[in-house]
Amino acid sequence: MAPGVKLMQKVSSTPLFAKIAPHVIPALDKAVHRLTRGKVLLSARMLPGLILTAKGARTGAPRTTPLACMPQDGGAGWLLIGSNFGRPGHPAWTGNLLKHPDAEVSWKGEDIAVRARLLEGEERAEAWRAVLTFWPPYATYQARIEREIRLFRLERR
């Protein structure tokens, strides 16, 4: 485990982090990602991250969102966790993927066409167990909210 990860897990579980992080982390990630031509995400120092570009659910316009992810099968796919930092509403990107599952990710400087699928039932339960092992603070996020956190599997198209 990288130095500082335990501390970051504690900090990221706090309500204050949930209030501040959504306004700071994505903006920093977008700026650094642009400056490094897709090679660096600051938040990826703690968790793997990618940049998701999906069509907006209402407008159809491209929406770009930096996200933590759980890589699967050596980069053949990814799990995305719609935690919204433990805030009540589903993050907008999850609604975008429900309406327009074909999207693109920038992963380690490579642009990759993907298809998203919302996980449900036993498949979701299995993925959720893996997610909690991967980043335990997601359990704190789920405990703070009434909605079920959406999990998506992205696969290359």
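From a predicted model like this one, the values you see are computed outputs, not experimental measurements. (Residues numbered from 1 in each chain as written. Predicted model: local features only at pLDDT ≥ 70, side-chain atom pairs only at ≥ 80, totals over all residues. Heavy atoms only, no water.)

Engineer: So what exactly am I meant to see when it comes to the sheet that holds strand 2 (residues 62-72) here?
Structural biologist: Picture the strands of a sheet paired through backbone hydrogen bonds; they go either parallel or antiparallel. The 6 strands are arranged 1-2-3-6-5-4 in a closed barrel whose pairing can be described as antiparallel. Each strand of the sheet is rotated relative to its neighbour by a mean of 40 degrees, with strand direction disregarded. Across 7 bridges, the pairing between strand 1 (residues 49-55) and strand 2 is antiparallel. The partner of L52 across the bridge, within strand 2, is T65. (Pairing = 2+ DSSP bridges. Helix = DSSP H or I, 4+ residues; strand = E, 2+ residues; numbered from the N terminus. Axes fitted to C-alpha atoms, helices over the stretch in contact; angles between N-to-C directions.)

Engineer: Even after reading the chapter, I still don't get the side chain of R124, so can you show me in this structure?
Structural biologist: Secondary-structure assignment places R124 in helix 4 (residues 121-134). Those residues in contact with R124 that lie beyond four places of it in its chain are L119, Q142, E148, I149 and L151. (Contact = heavy atoms within 4.5 Å.)

Engineer: So what exactly am I meant to see when it comes to the nonpolar core here?
Structural biologist: Side chains of a nonpolar character, in soluble globular proteins, are inclined to be buried together. Within the largest apolar cluster, 17 residues are counted, with the highest numbers of intra-cluster contacts made by L50, L52, W78, L80, L97, V105 and L154. If you list the elements that add at least two residues to this core, you get strand 1, strand 2, strand 3 (77-82), helix 3 (92-99), strand 4 (102-107), strand 5 (110-118) and strand 6 (150-156). Residues in contact with L154, not counting those within four places in the same chain, are L50, A76, G77, W78, L80, L97, V105, V114, R115 and A116. Among the nonpolar cores identified, the runner-up in size contains 16 residues, and A21, I81, L119 and L151 belong to it. (Core = buried A, V, L, I, M, F, W, Y, C linked by side-chain atoms within 4.5 Å. Buried < 20%, exposed > 50% of the residue type's maximum accessible area, 1.4 Å probe, protein only.)

Engineer: Whenever I open this one, the packing of helix 4 against helix 5 (residues 137-144) confuses me. Can you help?
Structural biologist: The relative placement of two packed helices comes down to the angle between their axes together with the axis-to-axis distance. Between helix 4 and helix 5, whose axes approach to 7 Å, the crossing angle comes to 120 degrees. As the angle between them shows, helix 4 and helix 5 are arranged oblique. Where helix 4 approaches helix 5, its residues R124, W128, V131 and L132 are matched on the opposing element by Y138, A139 and Q142. Here the contact of helix 4 with helix 5 is built from residues that sort into 5 nonpolar, 1 polar and 1 charged. (Parallel < 35°, antiparallel > 145°, perpendicular 65-115°, else oblique. Nonpolar A, V, L, I, M, F, W, Y, C, P; charged D, E, K, R; others polar.)

Engineer: Sorry if this is basic, but what is going on with helix 3 here?
Structural biologist: Side chains that are three or four residues apart share a direction in an α-helix, a result of its 3.6 residues per turn. Here helix 3 has its buried residues at W93, T94, N96 and L97. Buried residues of helix 3, seen end-on, are gathered within an arc of 160 degrees and therefore sit on one face of the element. In helix 3, the exposed residues that point more than 90 degrees away from the buried face are A92 and K99. On its buried side, helix 3 packs onto strand 1, strand 2, strand 3, strand 4, strand 5 and strand 6. (Arc of directions from axis to C-beta.)

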